[in-house]
Amino acid sequence: MLSEEKPSVCVIGLGYIGLPTAAVIARSGCPVLGIDINEQVVDTINSGKIHIEEVDLDGLVQGVVSRNMLRASLTVEPSDVFVIAVPTPFGENHIPDTSFVMTAATNIAKDLKTGDTVILESTCPVGTTEKMRDLIAELRPDLKIPGLTQDIPDIAIAYCPERVLPGRILEELIQNDRSIGGITSRCARKALGFYRRFVRGELVTTSARAAEMTKLVENSYRDVNIAFANELSIIADHMDLDVWEVIRLANRHPRVNILQPGPGVGGHCIAVDPWFIIHSAPEQSPLIRIAREVNDGKIGHVLEQASLLIDELPDESIACFGLAFKANIDDFRESPALKISAKLAKRYPGRIKIVEPYASKLPAEFKDMDAELIDIDQALETCPIIITLTDHDMFKSIPLDERVSKVVYDTRGIWPDQPDNFSAINELKPPG
Ligand code: SAJ
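Just so we're clear, the structure is a prediction, and the values are computed from it rather than from any experiment.

Reading the values: the criteria
- Residues numbered from 1 in each chain as written.
- Predicted model: local features only at pLDDT ≥ 70, side-chain atom pairs only at ≥ 80, totals over all residues.
- Heavy atoms only, no water.
- Helix = DSSP H or I, 4+ residues; strand = E, 2+ residues; numbered from the N terminus.
- Polar contact = N/O pair within 3.5 Å; in protein donor to acceptor, adjacent residues only side chain to side chain.
- Contact = heavy atoms within 4.5 Å.
- Near = heavy atom within 4 Å.
- Areas by Shrake-Rupley, 256 points an atom, 1.4 Å probe, with all protein chains shown as cover.
- Nonpolar A, V, L, I, M, F, W, Y, C, P; charged D, E, K, R; others polar.
- Domains from an automatic or database assignment.
- Pairing = 2+ DSSP bridges.
- Axes fitted to C-alpha atoms, helices over the stretch in contact; angles between N-to-C directions.
- Buried area = accessible area lost by both parts, 1.4 Å probe.
- Salt bridge = Lys/Arg side-chain N within 4 Å of Asp/Glu carboxyl O.
- 1 Å grid on protein atoms, 1.4 Å probe; cavity = no way out; pocket = protein on both sides within 12 Å on 5 of 7 lines; lining within 4 Å.
- Points joined across faces, edges and corners; volume = space filled by probe spheres on them.
- Buried < 20%, exposed > 50% of the residue type's maximum accessible area, 1.4 Å probe, protein only.
- Phe/Tyr/Trp six-rings, centres within 6.5 Å; stacked < 30°, edge-to-face > 60°.
- Left-handed = near helix turned anticlockwise from the far one by under 90°.

## A look at the side chain of Asn421
- The residue Asn421 is located in helix α15 (residues 421-428) in this model.
- Only 2.5 Å separates the side chain of Asn421 from the backbone oxygen of Lys406, close enough to count as a polar contact.
- In this view, Asn421 contacts Val404, Ser405, Lys406 and Val407; residues no more than four positions away in its chain are not counted.

## So, the site of the ligand
- Around the ligand sit 21 residues in total, of which Val164, Lys215, Arg222, Gln260 and Lys326 are the nearest.
- Arg163 places a main-chain nitrogen or oxygen 2.9 Å from an oxygen atom of the ligand.
- A distance of 2.8 Å is found between an oxygen atom of the ligand and a side-chain nitrogen or oxygen belonging to Arg412.
- Expressed as a share of its isolated accessible area of 770 Å², the protein-covered part of the ligand is 89%.
- Tallying contributions element by element places helix α8 (residues 208-239) first for the shell around the ligand, with 5 residues.
- Per-class residue counts for the shell around the ligand are 9 nonpolar, 4 polar and 8 charged.
- Looking at the shell around the ligand, you find at least three residues from each of domain 1 (9-201) and domain 2 (219-428).

## Things to note about the sheet that holds strand β7 (residues 178-182)
- The strand order β3-β2-β1-β4-β5-β6-β7-β8 describes an open sheet built from 8 strands, whose pairing is mixed. The open sheet has two edge strands with one neighbour each: β3 (70-73) and β8 (203-207). For this sheet the average axis-to-axis angle between neighbouring strands, irrespective of direction, equals 25 degrees.
- By the bridge criterion, 4 bridges tie strand β4 (residues 81-84) to strand β5 (residues 117-120) in an arrangement that is parallel. When the bridges of β5 are listed, Val81 appears paired with Thr117.
- Strands β4, β5 and β6 (156-159) of the sheet are contacted by helix α5 (residues 128-139), whose axis makes an angle of about 155 degrees with β6.

## So, the domain arrangement of the protein chain
- Per the domain assignment, the segments making up the protein chain are domain 1 (9-201) and domain 2 (219-428).
- Centre-to-centre separation of domain 1 and domain 2, based on C-alpha positions: 35 Å.
- Across the contact, 14 residues belong to domain 1 and 11 residues belong to domain 2.
- Summing both partners gives a buried area of about 1,300 Å² for domain 1 against domain 2, and 67% of it is carried by carbon and sulfur.
- Taken as a group, Tyr16, Phe90 and His94 account for 36% of the area that domain 1 buries against domain 2, more than any other trio of residues on that side.
- At the junction of domain 1 with domain 2, the criterion picks out 0 salt bridges.
- Counted by class, the side of domain 1 that touches domain 2 contains 9 nonpolar, 4 polar and 1 charged residues.

## Observations concerning empty space enclosed by the protein
- Inspection of the entire model under this criterion finds 1 cavity of 30 Å³ or more.
- If you trace the largest cavity, you find it lined by Glu162, Arg163, Val164, Glu172, Leu173, Asn176 and Arg178.
- Of the residues contributing to the lining of the largest cavity, the split by class is 2 nonpolar, 1 polar and 4 charged.

## Comments concerning the environment of Thr98
- Considering the arrangement of structural elements, one finds Thr98 in the loop between β4 and α4 (99-109).
- Under the relative-accessibility criterion, Thr98 is labelled buried at 19%.
- When the C-alpha atoms of Thr98 and His253 are compared, they prove to be 43 Å apart, with 155 residues separating the residues in sequence.
- Residue contacts for Thr98: discarding those within four places in its chain leaves Pro125 and Thr128.

## Details of the packing of aromatic side chains
- Throughout the structure, instances matching the rule amount to 5 aromatic pairs.
- Considering the side-chain rings of Phe194 and Phe198, the 5.5 Å spacing of their centres and the 70 degrees angle between planes classify their relative orientation as edge-to-face. Accessibility classification places Phe194 together with Phe198 in one group, the buried group.
- Relative accessible area serves as the criterion here: at 7%, Phe198 is assigned to the buried category.
- These aromatic residues form a ring-pair network of at least three members: Phe194, Tyr195 and Phe198.

## Considering helix α3 (residues 57-66)
- The complete set of buried residues in α3 reads Leu57, Leu60, Val61, Gly63, Val64 and Val65.
- Looking at the buried side of α3, the elements it contacts are α1 (18-27), α2 (39-46), β3 and α6 (169-175).
- Just past α3, the residue Asn68 takes up positive phi, approximately 60 degrees.

## Describing the sheet that holds strand β11 (residues 372-373)
- If you trace the 5 strands from one edge of the open sheet to the other, you get β11-β10-β9-β12-β13, paired in parallel fashion. The open sheet has two free edges, formed respectively by β11 and β13 (407-410), since each of these has just one partner strand.
- As paired strands, strand β10 (residues 352-355) and β11 are joined by 2 bridges and run parallel to one another. When the sheet's bridge partners are listed, Ile354 is paired in β11 with Leu373.

## Observations regarding the environment of Ile155
- Counting through the fold element by element, Ile155 comes out in the loop between α5 and β6.
- Linking Ile155 and Ala345, residues 190 residues apart in sequence, is a C-alpha distance of 54 Å.
- In this view, Ile155 contacts Leu112, Lys113, Asp116, Ile136, Leu143, Lys144, Ile145 and Pro146; residues no more than four positions away in its chain are not counted.

## So, the packing of α4 against α5
- Following both chains from N to C, one finds α4 and α5 inclined at 35 degrees, their axes separated by 10 Å at the closest point. Taken as a pair, α4 and α5 cross one another with a handedness that is right-handed. Between α4 and α5, the residues in contact are Val101, Met102, Ala105, Thr106 and Ala109 and Thr128, Lys131, Met132, Leu135, Ile136 and Leu139, respectively.
- For the contact of α4 with α5, a count of residues per class yields 8 nonpolar, 2 polar and 1 charged.

Rendered as structure tokens:
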């Protein structure tokens, strides 16, 4: 295939990364077949709709589906480029589970032909791309496989991790630089030629193993830095200091840039990926492990602090603001906000009200619990206690006069002007 020709592309996995990627590739003029194991997802996309919330994705998918550039299916078909974007969760004891990647590779193996490129985008432990290559070699002994042949290989295999931020996925898919890790340098060049069709950021070629590690390092770097902020917030609670003020002041130093504390780290990436490094090099990664533990431990600290406050004000209703793992998205995966609200709902039946503008009903975690989903106005009218857990813009913009009388535990620091009503209430109480 000459480089002017548009390759046909098969994207396996139509989730938070796969679907936007498929749509962006389709918009660049390549016909795309998207594969998912969920029939409902396939039907939704084929009707031009989407099953996830992401800025501007609805219009893009509707456009490429209506122009027949993107269609979805349950089964793989022959294509020129295969992009694998399936989940890589961890199992018991945080052991990485790459079985979805291997199943995807098995499913595409039968359709591979000379000239094809296979690209793995899922976050993976170092060495997974080589394992996938070995599996393909086993399933297709008729093909010359990169790294296993002295001749020119029939296919190219590369690892090219995504690094897009939920909420900005479409923009970052185009603008971000990317690591393009080939099994061989020839593989990397083939993958680079493909990404050049739709990425404006710089494309930097490397080995598959280095690209795998780079992805894990990026998210571990952020986890370690958030852990520092979370540890500071626990120290500040202990010393009765305002952590937000301390961080604001420290960040005025030209070489200090402390991140924001919160109720813990959520989502499917930062709370998961560091374990892939720890699992591969347990003795060599004490800092990364401790950071994970600090961030997970923050959930328990918030629960403790919240309970202290709630126990002091019996019978009052409590509004938990937010279930999403971060601002302005509808993603509740690994969300500390959700874990904390569900635990509080169990501990205080009938008293916990959930405010989550991105949910139409309470998630399964609240099944059989006496908790209720209410809107912001109802919460402001009926709940004297507010616990902020997600920093949605809709929460941030509530003016002081609407919350001035509330007792607030602000785990995200979204209302710096909030008076400390809890201390005020405590001071009014007779000692003992
Ligand atoms: N968080 C804090 N304090 C902060 C920043 C974040 O508590 O100062 C929390 C958030 O509230 C959230 C969690 O961390 O619970 C993760 O949020 P995030 O915005 O830091 O990252 P994700 O998980 O949405 O996306 C990350 C990004 N990685 C990095 O920034 C290094 C993204 O670029 C990756 O593509 C994505 O993981 C991924 O798919 O791996």
